[in-house]
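# Coordinates in review
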Amino acid sequence: MKAFLILEDGTVFEGVHIGAHKEIISEIVFNTSMAGYLEVLTDPSYAGQAVCMTYPLIGNYGICKEDMESFKPWPDGFIVRELSRVSSNFRSDLGLQQFLEENDVPGIAGIDTRALTKILREKGTMNGMITTDENYDFETLLPRLKAYTTGKVVEKVTCREKYVVKPTLSLEENGPLSGTVRFDRVAYIRRIRERKPSLVKELNGAGLRVALLDFGAKANIARSLAERGCEVTVYPAFTSAEEIIASNPDGIMLSNGPGDPKECTSIIREIRKLYDTEIPIFAICLGHQLMALATGADTYKMKYGHRGGNHPVKDLATGRVYISSQNHGYVVDMDKLDPRVAVPAFINVNDGTNEGLAYTGKNIFTVQYHPEACPGPQDSRYLFDRFIQMIRRSEAEEDHFVIRRSEAEEDQVMQQSMEPGPGGSAEERKNKQINPINNRDSDDRKEITSEKGGASHA
């Protein structure tokens, strides 16, 4: 069946229909990842958008449900050069075409995705329609295309109630350090799949409790913390700051998510309250933008955004460059940062835009990109360890403060006890503090004696 992708600038691509049989209008964006299409489809940050994959062949290794980043795909539509109808992968559960159909996601294949990408790069992200109607009228469609906005999509993707991700208790639970080279045919027939290798080498978060605010969180964020030994409580996006603070978490994570951060006005107010605490905070993607807005900074929409698994970011503290996984269309405006509040910590090597902030005098750092990857390189997974180290350091400082305060209070009490005053000499009052029962005055001792003997005291 023929299908058409109609852009608001009048460009029309003709291809073949894939996925569900429905017509959609959405914001058209592109992703440059060569693999990881399932993780892209199930990333809640794509809610309200239709995704074009720039790599020409998509679907060749099928769908492995274990690799899904949420319980369903979120893009409104899917655009590819060629959809593989055959899946060659022993972990595959079903084909991409079936997955799109079952989850009501329409798409188009057989178009020149490189030409589409060049248009979006030159003119900027724009709205478009995927339809099978060959008799469409562009003049009638144009107002609808221009009127489309992603809207308040965070409320669409966030969890409905809080839940807990239990921590890993031993490294063996995380899976092997590497995969096996042997194919187990019996296990394959029984649909027993080999566990994915784990790169975590230490349970450095054992005993810590982290509150994760879900603005559209990918599953691997909570998993990355749990694999390090943290217990993660995931909260809906609109949870009050008071509820989170009352749970007394050791640290707080603000997740990724879709849409314009300035639409999240009520969430921004709650994040400001979290900022005013001393609880360590680590924020990713949308969470990074919301923390910036909560502290007086600004954000703006990029021409076509960063989406893919090959974006270089530079750590300004060390000068090192990491290849990162990214998915965002908005960015923090570095020209409007107050250095008394936050300073740039990472920048994008390609275009110089902000990729992370360090907050002045606070145990808070945020990044625009995705250290949890999925899909993409694992270069930045160390940021979860940095977050855990920040929590440990904060706890150590707090314990030191409490100890020092306790010592100071004891010194003050002792000093007061040595000063002359009512109730006897300083030495007598000192003895009373050490053993107050034995140092009560004689009338008190008589009362205690009489009570023990059962006699009344007149």
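For clarity, every value in this text was computed on a predicted model and none was experimentally measured. The numbers attached to residues start from 1 for each chain and follow its sequence in the written order. The predicted nature of this model means local features are confined to residues of pLDDT at least 70 and side-chain atom pairs, given and counted, to a pLDDT of 80 or more, with totals for whole chains, interfaces and linings taken over all residues. Note: side-chain values were computed over all heavy atoms of the structure, leaving out hydrogens and water.

### Points about the overall build of the protein chain
For the record, the criterion: We count a stretch as a helix when DSSP gives it H or I for four or more residues in a row; a strand needs E for two or more, and each element gets its number in order from the N terminus. All accessible-area figures derive from a Shrake-Rupley calculation using a 1.4 Å probe, and residue coverage is judged against the displayed protein chains alone.
Counting its secondary structure elements, the protein chain contains 13 helices and 19 strands. Element-wise, carbon and sulfur atoms account for 50% of the exposed surface of the protein chain, whose accessible area totals about 22300 Å².

### What to know about the pattern of salt bridges
Short version of the rule: We define a salt bridge as a side-chain nitrogen of Lys or Arg found within 4 Å of a carboxyl oxygen belonging to Asp or Glu. Burial classes follow relative accessibility: with a 1.4 Å probe on protein chains only, a residue under 20% of its type's maximum area counts as buried, one over 50% as exposed, and anything between as partly exposed.
Applying the stated criterion to the full structure yields 18 salt bridges. Salt-bridge contacts for Lys 273 lead to Glu 242; the nearest nitrogen and oxygen are separated by 3.3 Å. With a gap of 31 residues between them, Lys 273 in helix α9 (residues 265-275) and Glu 242 in helix α8 (residues 241-246) connect regions that are remote in the sequence. A residue is classified by how much of its surface remains accessible, and Glu 242, at 45% relative accessible area, is partly exposed.

### Quick word on the sheet that holds strand β1 (residues 2-7)
Keep this limit in mind: Here, a strand pair is defined by DSSP locating no fewer than two bridges between the strands. Here, axes are lines fitted to C-alpha atoms. For helices the fit covers the stretch in contact, and angles between N-to-C directions go from 0 to 180 degrees. In what follows, a contact means two residues having at least one pair of non-hydrogen atoms within 4.5 Å.
Read once around its circumference, the closed barrel built from seven strands follows the order β1-β2-β8-β6-β4-β3-β9, with strand pairing classed as mixed. Taking each pair of neighbouring strands and ignoring which way they run, the sheet shows an average axis angle of 35 degrees. Where β1 and strand β9 (residues 126-131) come together, four bridges link them in antiparallel fashion. Directly across from Ile 6, in β9, lies its bridge partner Met 129. With respect to the sheet, helix α3 (residues 113-123) is in contact with β1, β2 (12-19), β3 (24-31), β4 (49-53), β6 (77-79) and β9, its orientation differing from that of β3 by roughly 90 degrees. Its contacts with the sheet put helix α4 (residues 138-147) on β1, β3 and β9, and the angle it makes with β9 is roughly 130 degrees.

### Concerning α9
Where we set the bar: By definition, the arc is the one covered by directions from the helix axis to the C-beta atoms.
Those residues of α9 lying buried are Ile 267, Ile 268, Glu 270, Ile 271, Leu 274 and Tyr 275. In an axial view of α9, the angular spread of the buried residues amounts to 165 degrees, which keeps them on one side of the axis.

### Some details on the nonpolar core
The criterion, for reference: Side-chain atoms within 4.5 Å link the members of a nonpolar core, which is a set of buried Ala, Val, Leu, Ile, Met, Phe, Trp, Tyr and Cys residues.
The biggest cluster of nonpolar side chains holds 33 residues, and the ones touching the most others in it are Phe 215, Leu 254 and Tyr 359. Looking at which element gives the most residues to this core, the answer is helix α10 (residues 286-294), with six residues. In contact with Leu 254, not counting residues within four places along its chain, are Leu 213, Phe 215, Ile 271, Ile 281, Phe 282, Ala 283, Ile 284, Gly 287 and Met 291. Cys 159, Ile 284, Cys 285 and Val 313 belong to the second largest nonpolar core, which has 28 residues in total.

### Here's the deal with unusual backbone geometry
Backbone torsion omega between Cys 374 and Pro 375 reads 5 degrees, so that peptide bond is classified as cis. You will see that Asn 248, though not glycine, has its phi angle at about 55 degrees, which is positive. By the element assignment, Asn 248 lies in the loop between α8 and β13 (251-254). Backbone geometry places Cys 374, a non-glycine residue, at a positive phi of 55 degrees. By the secondary structure assignment, Cys 374 is in the loop between β19 (364-367) and α11 (382-417). Classification of Cys 374 as buried rests on a relative accessible area of 12%.

### Regarding α10
Counting buried positions over the nine residues of α10 gives nine, a clear majority of the element. Three or more residues of α10 are buried, namely Leu 286, Gly 287, His 288, Gln 289, Leu 290, Met 291, Ala 292, Leu 293 and Ala 294. Directly beyond the C-terminal end of α10, a positive phi value near 95 degrees is found at Gly 296.

### A short note on the packing of α9 against α10
Stated formally: Under this scheme an angle from 65 to 115 degrees is roughly perpendicular, one under 35 degrees roughly parallel, and one over 145 degrees roughly antiparallel; angles in between are oblique. Residue type decides the class: Asp, Glu, Lys and Arg count as charged, Ala, Val, Leu, Ile, Met, Phe, Trp, Tyr, Cys and Pro as nonpolar, and the leftover types, Gly among them, as polar.
One can describe the packing of α9 onto α10 by two numbers: an axis separation of 8 Å at closest approach and a directional angle of 75 degrees. The angle between α9 and α10 falls in the class roughly perpendicular. Taking contact as the criterion, the partners of Ile 267, Ile 268, Ile 271, Arg 272 and Tyr 275 in α9 are, on α10, Leu 290, Met 291, Leu 293 and Ala 294. Residue composition of the contact of α9 with α10, grouped by class: eight nonpolar, no polar and one charged.

### Points about a nonpolar patch on the surface
So the rule is basically this: A patch consists of residues whose relative accessible area exceeds 30% and which take part in no salt bridge; residues with like charges are grouped when within 9 Å of each other, and nonpolar side chains (Val, Leu, Ile, Met, Phe, Trp, Tyr) when within 5 Å.
Taken together, the side chains of Met 34, Tyr 55 and Leu 57 define a hydrophobic patch exposed on the protein surface, amounting to about 270 Å² of accessible area. With respect to the helices, strands and loops of the structure, Tyr 55 is situated in the loop between β4 and β5 (57-58). By relative accessible area, which is 31% here, Tyr 55 ends up partly exposed.

### Observations concerning the side chain of Asn 220
Applicable threshold: Pairs of N or O atoms within 3.5 Å make up the polar contacts considered here, provided that, within protein, one atom can donate a hydrogen while the other can accept it, and that residues adjacent in sequence are counted only when both atoms are side-chain atoms.
With respect to the helices, strands and loops of the structure, Asn 220 is situated in helix α7 (residues 219-226). A distance of 2.6 Å separates the side chain of Asn 220 from the backbone oxygen of Glu 372, its partner in a polar contact. Setting aside chain neighbours within four positions, we find Asn 220 in contact with Glu 69, Glu 372 and Cys 374.

### Considerations on the sheet that holds strand β15 (residues 299-315)
Reading across from one edge, β10-β12-β11-β13-β14-β19-β18-β17-β15-β16 is the order of the 10 strands in this open sheet, with mixed pairing throughout. Strands with a single pairing partner mark the edges of an open sheet, and in this sheet they are β10 (163-165) and β16 (321-332). Ignoring strand direction, the axes of neighbouring strands in this sheet form an average angle of 25 degrees. For strand β18 (residues 354-359) and β19, the ladder comprises three bridges, and the chain directions are antiparallel.

### So, the packing of aromatic side chains
The way to describe two aromatic rings as a pair is by their centre distance and the angle between their planes. Our working rule: Only rings of Phe, Tyr and Trp enter the pairing, Trp through its six-membered ring, and a pair is recorded when the two centres are within 6.5 Å. The plane angle decides the type: under 30 degrees is stacked, over 60 is edge-to-face, the rest tilted. By definition here, charges over rings are those cases where NZ of Lys or CZ of Arg is within 6 Å of the ring centre and within 35 degrees of the ring normal.
This model, assessed by the stated rule, comprises 10 aromatic pairs. Judged by centre distance (5.6 Å) and plane angle (50 degrees), the ring pair of Phe 282 and Phe 387 falls under tilted. With Phe 282 in strand β14 (residues 281-284) and Phe 387 in helix α11, the pair connects residues that are 105 residues apart, well separated along the chain. Of the two residues, Phe 282 and Phe 387, neither departs from the other in class, the shared state being buried. Site record: aromatic cluster; members linked through ring pairs are Phe 282, Phe 365, Phe 384 and Phe 387. In this structure, Lys 72 packs its charged tip against the face of Trp 74, placed 4.6 Å from the ring centre.

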